[in-house]
Amino acid sequence: MTRRWRRGVALAGLAVSLWATACTSTVDGTAVRPDAAPSAVAGVLTERDLDAVLLDSAEIAALLNSPDIEVTDEIDEMTDTSADVSHPECLGALYTAEDPVYESTGYTAVLTRLASEPGDDNEHWVEESAVLVPTAEDAEQFVERSAREWDDCAGRQVSISDGEEWFDWELDAVVRDGGMVSQQSTILDSIDWQCQHTVVSVSNLIIEASVCAERIHDEATTVVAEMIAKASARTR
């Protein structure tokens with residue numbers, strides 16, 4: 001079983017280990033992705049599209065104006081961090097590609113990329129995921145359900161464990177922009193360190209991104225907008 005670090009950047013003025021060591025276990029089972037090529041059926045995305053929809057290092061660096069940022073890991077399976085969250089019902093508001101959140105969707109493939117600047121004191125932490133589900137209706141229903149669940153968590157304080165300590169985060173109000181659903185969260189030990197999580201559907205694909213940095217300004221929405229453009233181009 002593999003491991004990966006989540007939302008894990010060093011916080012300004014705090015110990016490097018703070019939240020930077022939030023790690024999760026992945027769900028067993030590894031999918032083998034075919035080479036990237038356009039979908040065989042117009043309007044329907046397939047597993048081969050996932051790699052092309054996610055952003056690479058250069059694209060992320062340009063969008064976030066951070067030339068040193070680079071993709072550090074790629075995971076083609078769901079994770080399960082529910083044991084490390086004080087309110088598991090808010091798991092989907094905090095993280096992308098979580099198995100307990102997606103287990104009822106009938107998802108068939110997932111691909112997640114993590115990106116950050118080199119070293120421990122990162123300016124950004126980026127997590128982008130693309131999840132394939134059977135139909136466009138399934139994808140739309142997931143986004144609507146996510147909006148309701150995230151809204152139920154708005155204004156709440158949720159504690160997250162790094163395996164040794166618990167750290168408190170506060171979730172803000174849900175924001176809708178067209179089909180996109182976004183929510184910002186702030187770690188209570190550092191009012192400047194924030195994350196934004198955005199989800200949207202394109203055809204039968206669910207797209208998510210979470211970006212953490214000092215004083216977030218719609219960075220996750222910016223990443224998702226670029227992913228939407230790439231996914232839409234492959235449905236024609």
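Colleague: In this structure, what is going on with the pattern of salt bridges? I would like to understand it.
Modeller: Should the charged atoms of two oppositely charged side chains come close, the side chains can pair. One pass over the structure, following the stated rule, counts 8 salt bridges. Between Glu 59 and Lys 230 there is a salt bridge, and its shortest N-O distance comes to 3.1 Å. Here the residue Glu 59 occupies a position in helix α2 (residues 57-64), and Lys 230 occupies one in helix α6 (residues 219-233), the gap between them amounting to 171 residues. Ionic contacts of the salt-bridge type, sharing partners, join the residues Asp 51, Glu 74 and Arg 113 into one network.

Colleague: When you look at the nonpolar core in this model, what are you seeing that I'm missing?
Modeller: Generally speaking, a soluble globular protein has its nonpolar side chains buried in company with each other. Core analysis: the largest hydrophobic core is formed by 34 residues, its most contacted members being Leu 94, Tyr 102, Leu 171, Val 199 and Ile 206. A per-element tally of this core places helix α5 (residues 136-153) first, with 6 residues. Membership of the second largest hydrophobic core comes to 29 residues, among which are Ala 61, Ala 109, Val 126 and Val 224.

Colleague: Is there a simple way to explain unusual backbone geometry in this structure?
Modeller: With glycine set apart, most residues show a phi of negative sign, and most peptide bonds adopt trans. Phi at Arg 215 takes a positive value of approximately 55 degrees, unusual for a residue other than glycine. For Arg 215, the position within the fold is in the loop between β11 (205-214) and α6. Located in the positive-phi region is Asp 218, a residue other than glycine, with phi close to 65 degrees. Note on placement: Asp 218 falls in the loop between β11 and α6. According to the relative accessible area criterion, Asp 218 is partly exposed, its value standing at 45%.

Definitions and limits used
- Residues numbered from 1 in each chain as written.
- Predicted model: local features only at pLDDT ≥ 70, side-chain atom pairs only at ≥ 80, totals over all residues.
- Heavy atoms only, no water.
- Salt bridge = Lys/Arg side-chain N within 4 Å of Asp/Glu carboxyl O.
- Helix = DSSP H or I, 4+ residues; strand = E, 2+ residues; numbered from the N terminus.
- Core = buried A, V, L, I, M, F, W, Y, C linked by side-chain atoms within 4.5 Å.
- Buried < 20%, exposed > 50% of the residue type's maximum accessible area, 1.4 Å probe, protein only.

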